[in-house]
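# Chain and residue survey
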Amino acid sequence: MAKLYFYYASMNAGKSTTLLQADFNYRERGMATMLWTAALDNRSDHQAIESRIGLGADAHRFNAGTDLWERIEAAHRVEPLACVLVDEAQDTSPRQWDIINALTGDFFAGETASSKLRTLFVVGDEKQSIYSFQGAQPEVFAETGKQKQIAVRAADRKFEPVTLPLSFRSVPEVLAATDLVFEPLRGAGRSSGSEAVVHEALRREAHGRVEVWPRILKDKGDAEQITLESDWTQAVDHLRAPAVVLAREIADTIKAMVTSETNPARGGPVMPDDIPVL
């Protein structure tokens, strides 16, 4: 018997935590699993997959040149896999999906499909896809889920699409702004299909604010006269460069906040260490 769990959710909704819990549960029952995550995801200093609540585990890392078929098939020959778990699936390329599909094809069809419980567990969120330069196509995440749903249910197996709308770290205003931005894309290759995605904040009493600033563009004179190509003697950080203009606006905004605004989370004035710049 085989199952497919297909998770999609916002940032800080506990996707990695859920994956690590599933991995632990399978291993507790004496079943073999393999954890994979993107090599470029180097946020953790200790383990390859690490959740914000402190759970972590070692995992295999893949990049654009990783031959997933060779690596997993070799492990499969030593000990048949009971479960394949894919984290950050929105950054998986079509070629890598082909390999995952080949490795798990007999989970839901053929003689091995009914021999024992075998599971494909996938978590991801298209809104967080940032590795298109490596071939990631987030719309393939949703399409793969649809194809798997058809195959799994045709084999009379269990398919569980699970949404995780609760965010543990963000605040209502930020989540509402995110939902508003992605609302026009409803149904456009999204895992949620035509349904609206509405996120909830666990920290309902926390406060937030979202500001949209206008783009800063080079004016026509700058574009014609002050570019690295037309005037190589001009400093890259000249006063009218968009990056310098933006930096000045950020500095002026922070100065105004520190001198005149109150931090509603603690009731005191805004302090410099309240403000991270990413």
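To start, this report covers the structure provided alongside it. Owing to the predicted nature of the structure, the values given are computational and were not obtained by experimental measurement.

## Quick look at the overall build of the protein chain
Across its full length, the protein chain holds seven helices and 10 strands. Across the protein chain, every contact between residues at least 6 apart in sequence was considered, and the portion connecting residues at least 24 apart equals 71%. Only carbon and sulfur atoms are counted for the fraction: they give 55% of the accessible area of the protein chain, which is about 16400 Å².

## Re a nonpolar patch on the surface
A surface patch of nonpolar side chains, about 270 Å² in accessible area, is lined by Val174, Val210 and Val212. Considering the arrangement of structural elements, one finds Val174 in helix 5 (residues 172-182).

## A word on the nonpolar core
Within the largest apolar cluster, 23 residues are counted, with the highest numbers of intra-cluster contacts made by Leu68, Ile72, Trp97 and Val122. The set of elements that each furnish at least two residues to this core consists of strand 2 (33-38), helix 2 (68-78), strand 6 (83-86), helix 3 (94-104), strand 7 (118-124) and helix 4 (138-154). Broken down by element, the residue count for this core peaks at four residues, all from helix 3.

## Observations regarding the pattern of salt bridges
Applying the stated criterion to the full structure yields five salt bridges. When salt bridges that share partners are traced, they join Arg209, Glu211 and Glu261 into one network.

## Points about the environment of Pro264
Inspection of the secondary structure puts Pro264 in the segment after helix 7 (242-260). The class of Pro264 is exposed, set by a relative accessible area of 55%. Remark: the alpha-carbon pair of Pro264 and Gly208, spanning 56 residues in sequence, is separated by 9.0 Å.

## Focus on unusual backbone geometry
Here the phi dihedral of Glu88 falls at roughly 50°; this positive angle occurs in a residue that is not glycine. Inspection of the secondary structure assignment puts Glu88 in the loop between strand 6 and helix 3. The exposure class of Glu88 is buried, given its relative accessible area of 11%.

## What to know about the packing of helix 3 against helix 4
Axis separation between helix 3 and helix 4 bottoms out at 11 Å; the angle between their running directions is 20°. Between helix 3 and helix 4, the interaxial angle falls into the category roughly parallel. Crossing geometry of helix 3 relative to helix 4 is assigned as right-handed. Residue-level inspection shows Pro94, Trp97, Asn101 and Thr104 of helix 3 in contact with helix 4, the latter providing Val140, Phe141, Thr144 and Lys148.

Each value, and the rule that gives it
Residues numbered from 1 in each chain as written. Predicted model: local features only at pLDDT ≥ 70, side-chain atom pairs only at ≥ 80, totals over all residues. Heavy atoms only, no water. Helix = DSSP H or I, 4+ residues; strand = E, 2+ residues; numbered from the N terminus. Contact = heavy atoms within 4.5 Å. Areas by Shrake-Rupley, 256 points an atom, 1.4 Å probe, with all protein chains shown as cover. Patch = residues over 30% accessible without salt bridge, like charges linked within 9 Å, V, L, I, M, F, W, Y side chains within 5 Å. Salt bridge = Lys/Arg side-chain N within 4 Å of Asp/Glu carboxyl O. Core = buried A, V, L, I, M, F, W, Y, C linked by side-chain atoms within 4.5 Å. Buried < 20%, exposed > 50% of the residue type's maximum accessible area, 1.4 Å probe, protein only. Axes fitted to C-alpha atoms, helices over the stretch in contact; angles between N-to-C directions. Parallel < 35°, antiparallel > 145°, perpendicular 65-115°, else oblique. Left-handed = near helix turned anticlockwise from the far one by under 90°.

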